[in-house]
Structures are given as C-alpha cells and as structure tokens.
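What follows is each chain in one-letter form.
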Amino acid sequence: MGKNTEIKLLGTPPSPFVNRVQFVLNLKSIEYEYIEENLASKSELLLTSNPVYKKVPVLFHGNKPPILESLIIIEYLDEIYPDIHPILPSDPLGRADNHFWANYLDNKFIPLFEELRITPGKEGKEAIKKQIIEESQLLEETFVKFSNGKTYFGGDNVGYLDVVLGCFLGWAKFFEKHNEFNIFDEVRTPKLLEWTNRILSHESLKDVIPGSEALMKFYMMVMKHNPPRVA
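Presented here is a report on the structure given in the accompanying data block. (Residues numbered from 1 in each chain as written. Predicted model: local features only at pLDDT ≥ 70, side-chain atom pairs only at ≥ 80, totals over all residues. Heavy atoms only, no water.)

The next subject is the side chain of Glu 176. Tracing the chain through its elements places Glu 176 in helix H8 (residues 169-179). Among buried Asp, Glu, Lys and Arg side chains, Glu 176 stands out as unpaired, with Lys 173 the closest opposite charge at 4.7 Å. In this view, Glu 176 contacts Phe 181, Asn 182, Ile 183 and Phe 184; residues no more than four positions away in its chain are not counted. (Helix = DSSP H or I, 4+ residues; strand = E, 2+ residues; numbered from the N terminus. Buried < 20%, exposed > 50% of the residue type's maximum accessible area, 1.4 Å probe, protein only. Lys, Arg positive; Asp, Glu negative; His and termini not counted. Salt bridge = Lys/Arg side-chain N within 4 Å of Asp/Glu carboxyl O. Contact = heavy atoms within 4.5 Å.)

Below is the structure:
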C-alpha cells in the first residue's frame, strides 16, 4: 500500500492500548505518522483531541474528527480497510462474541494488574494474584472455543482478541517477573502458553511491544503520580 500520511497516531510506546492500534496498522500494512505523547506533561494536542478522558491512543484520519479508545480505533481501521487482514468476523453473532470478550478483558482481567500494583501487603497481593490465575483459566477455555484447534483466537490468522490480549503480554510478563508468579503455564493454560510465544514473535507485533527498560521507566512514572494504597 502506498504511503498514507493522512493517518496519524498519537500515543506513548509503553501503552498496550496504543500497541493495539500499532499492531492493526502493521497487520494491514498501513503507513502512518506516529506522534509520541508525554503523559507526565500532556500536550495541547492530546487535551484538545480527547478532552473527556485525556488519554491515548488518538487516531487522526485526514480532516475527520479524532477517533478515540483503542477498541473503537481498531474496529474503525478494520472497517475502512476490510479487504486487508480483517480482524473481526463478518457475521453479527461472531462480532458480538468478540466484543463481549474484549469488554471482559478491558473491564475485568486487565484491571486486576492495576489492582495488584496498588494493593499493599503480601496477603493482599497474593489474593489478587489468585484472582488473575483464576481468570487466566477462563481465558484458556475462551481461547479453545475461539481458536477451534487452530493457531489464534481468530483461527488461522490473528483476530480481534489476539490483538486485544496480545498487546498486554509485555506488561503481563513484567508483572510476572516483579510479583513472582506465572499467569499462563503448561498445566493450567497450555494452549494459551503456546499462543503467548506465538503471538509475541509475530512479525507485526514483535517490534511493537516495548522492552523491559521502557516498561520499568513507565511503571516508575505511574508509581510516582499514582502511588499504591497505604496499608
């Protein structure tokens, strides 16, 4: 595809929500301009383009109004480039099922990691880790259902849920390392463990997921601006 300077992405590299948009742009071979945002000192561009939430990612497409929220952005990209690596199924029921589990990931599973970060004390953290492990087993069942014995949630090709969960794996591994537990393992979640290795090495994602140094720097910024709860 020719160069498309009409598409611009405002984001910060350690954000898994920004990474989702980057992943889909790569999957669809869409060239774009990346504008890096400093969340510690938010730009006028961010504040004016997303005055409600003041968050990244923000997608700009020509003279159209800014497009906000990662799930909305990646579906928008899927709709304007439907013939290049579609990530959502065409049937309404399949789309609805994907939307349900994406909503689950963003509103139940992923928030547990922020809860782990801000929860004080070993006992409290162990309880959150137990919840994460329990939810990972539900995700294993979900993967088996969606993949139907194939490679990805999307079957033979990367789909919507592969993008939504896959872009969080850098942070998942970060939390595993610093909290001494395994989210996915060979006993509880063998299929997801295989999928994790596969998706992280995908050509369109492997250069998108930030490294441990970038994640730590961002983590320390978050800890400074939003410290853990006091015991």
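Summed over all chains, the structure comprises 15 aromatic pairs. Three or more aromatic residues link up through ring pairs in this structure, and these residues are Phe 109, Phe 113, Phe 168, Trp 171, Phe 174, Phe 175, Phe 218 and Tyr 219. (Phe/Tyr/Trp six-rings, centres within 6.5 Å; stacked < 30°, edge-to-face > 60°.)

Among the secondary structure elements, Leu 27 is positioned in helix H1 (residues 16-27). Each C-alpha atom of the pair Leu 27 and Asn 197 lies 18 Å from the other, and the pair is 170 residues apart in sequence. In this structure, Leu 27 is in contact with Ile 84, His 85, Ile 87, Val 158, Val 163, His 202 and Ser 204, ignoring residues within four places of it in sequence.

Through backbone hydrogen bonds, the strands of a sheet pair up, either in parallel or in antiparallel fashion. The four strands are arranged S2-S1-S3-S4 in an open sheet whose pairing can be described as mixed. Two strands close off the open sheet at either side, each with one partner strand: strand S2 (33-36) and strand S4 (67-68). One ladder, built from two bridges, connects strand S3 (residues 58-61) with S4; its direction is antiparallel. Pairing of Val 58 across the sheet is with Leu 68, part of S4. Here H1 sits on the sheet in contact with strand S1 (7-11), S2 and S3, set at roughly 155° to S1. (Pairing = 2+ DSSP bridges. Axes fitted to C-alpha atoms, helices over the stretch in contact; angles between N-to-C directions.)

Here we take up the pattern of salt bridges. One pass over the full model with this rule turns up 14 salt bridges. Glu 33 is the salt-bridge partner of Lys 8, the closest N and O atoms lying 4.0 Å from each other. Highlighted residues: Lys 8 in strand S1 and Glu 33 in strand S2, separated in sequence by 25 residues. Taking relative accessible area as the criterion, Lys 8 reaches 26% and is therefore assigned partly exposed. For Lys 108, the salt bridge is made with Glu 135, and the minimal N-O distance between the two is 3.9 Å. You can see Lys 108 sitting in helix H4 (residues 92-109) and its partner Glu 135 sitting in helix H6 (residues 122-147), a full 27 residues away along the chain. Since its relative accessible area comes to 46%, Lys 108 is described here as partly exposed. The structure contains a network of salt bridges with shared partners spanning Glu 75, Glu 79 and Arg 95.

Attention now goes to the packing of helix H5 (residues 111-118) against H6. The description of two packed helices rests on the angle between their axes and on the distance between the axes. Where H5 meets H6, the closest approach of the two axes is 9 Å, and the angle between their N-to-C directions is 165°. On the basis of the axis angle, H5 is roughly antiparallel to H6. Here H5 runs over H6; the crossing is left-handed. Facing Leu 112, Phe 113, Glu 115, Leu 116 and Arg 117 of H5, the residues of H6 in contact are Lys 125, Ile 128, Lys 129, Gln 131, Ile 132 and Glu 135. Classifying every residue of the contact of H5 with H6 gives five nonpolar, one polar and five charged. (Parallel < 35°, antiparallel > 145°, perpendicular 65-115°, else oblique. Left-handed = near helix turned anticlockwise from the far one by under 90°. Nonpolar A, V, L, I, M, F, W, Y, C, P; charged D, E, K, R; others polar.)

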